[in-house]
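# Commentary on secondary and tertiary structure
The residues making up each chain are set out below.
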Amino acid sequence: VAHASANVTAWGEDAATQRRVLALCIKLLKDLESTDEELFACLIKYLATFEGDAGSVAEAADIAKEAAFAFINSPTMFEGDFLELKAVQDLQKSNQGVFKLLSTLLTGSVSDYNALIKSDGKLISGLGLSESDCLAKMRSMALSTLGKKGEVTYAEVKEALQCEAGEVEELIVRAVGASVVDAKMDQAKQLVVFTRCTDRVFGGEQWKELSSKISTWRAQIAHMEKALSTK
């Protein structure tokens, strides 16, 4: 299964054949009770085959919903670059609630999440999800965005995560434990210092940032090589 899902594109078959292979892989992964991450990766590969075939994207509605649900329900997945896939975007027509919840987790704030839940009180329960788990995930993902500032106060965390003051440290510890962020807390100063934050989505802006960092590293290495060559 791993070999087929990893090489189906390289084999050069048409999109329809790739889908048949990947659909079989998805079925086998379910039968084999594979990890959620393995199954999710295969679901996304299947959805990606519709990128050049928009006319057939409605065929992927069930798989797109399954992939969205898998991400939302996962206690270990906090980032994704699949939101812009045509098959996932098409959920706005077929499963608007699922799409709104998914997009809020990936790009929204806790305030956005609470507003969504308030507007549709049965959204979470209707999907068979845990309200407490979904809120905890939203808070961890929102913390990864807040942490991009580098250093924030407990008050800022409380406001961003819309939690009680006594919950701030617990939520930070939970996010660190889930590897969403790396951070240290200064209880005396009521400060949180972040050294790493997960990118919830990885798109054009993130590629530009990465490109800029690589250019800087190359310039620094070139400078070091020049300095060493003169000694």
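Everything in this summary refers to the structure shown in the same document. For clarity, every value in this text was computed on a predicted model and none was experimentally measured.

To continue, consider the pairing of strand β3 (residues 191–197). Relative to β3, strand β1 (residues 151–153) runs antiparallel, the two sharing 3 bridges. Paired with Thr 153 across the bridge in β3 is Leu 191. Pairing between strand β2 (residues 181–186) and β3: 6 bridges, direction antiparallel. Across the sheet, Val 181 pairs through a bridge with Cys 197, a residue of β3. Taken together, β2 and the strand that follows it, β3, pair antiparallel across an intervening segment of 4 residues, in which Gln 190 is found at a positive phi of about 55°.

Quick look at the layout of surface pockets now. In this approach, a probe sized like a water molecule rolls over the atoms, and the result shows the empty space that is left. If you add up the space inside the largest pocket, you get close to 230 Å³. Lining the largest pocket are 14 residues; nearest its centre among them are Ser 74, Pro 75, Asp 133, Ala 136 and Lys 137. When residues of the lining of the largest pocket are traced back to their parent elements, those giving at least two are α4 (61–73) and α10 (131–146). Broken down by element, the residue count for the lining of the largest pocket peaks at 5 residues, all from α10. Among the residues forming the lining of the largest pocket, the class breakdown is 7 nonpolar, 4 polar and 3 charged.

Attention now moves to the sheet that holds β1. Strand pairing in a sheet is mediated by backbone hydrogen bonds. Such pairs are either parallel or antiparallel. Taking strand neighbours across the sheet as the criterion, the 3 strands line up as β1-β3-β2 in an open arrangement whose pairing is antiparallel. Both edges of this open sheet fall to β1 and β2, since each of them pairs with a single strand only. Sheet twist, expressed as the average angle between the axes of neighbouring strands with direction ignored, equals 25°. Seen against the sheet, helix α12 (residues 168–177) touches β2 and β3 and runs at an angle of roughly 150° to β2.

Rules behind the numbers
- Residues numbered from 1 in each chain as written.
- Predicted model: local features only at pLDDT ≥ 70, side-chain atom pairs only at ≥ 80, totals over all residues.
- Heavy atoms only, no water.
- Pairing = 2+ DSSP bridges.
- Helix = DSSP H or I, 4+ residues; strand = E, 2+ residues; numbered from the N terminus.
- 1 Å grid on protein atoms, 1.4 Å probe; cavity = no way out; pocket = protein on both sides within 12 Å on 5 of 7 lines; lining within 4 Å.
- Points joined across faces, edges and corners; volume = space filled by probe spheres on them.
- Nonpolar A, V, L, I, M, F, W, Y, C, P; charged D, E, K, R; others polar.
- Axes fitted to C-alpha atoms, helices over the stretch in contact; angles between N-to-C directions.
- Contact = heavy atoms within 4.5 Å.

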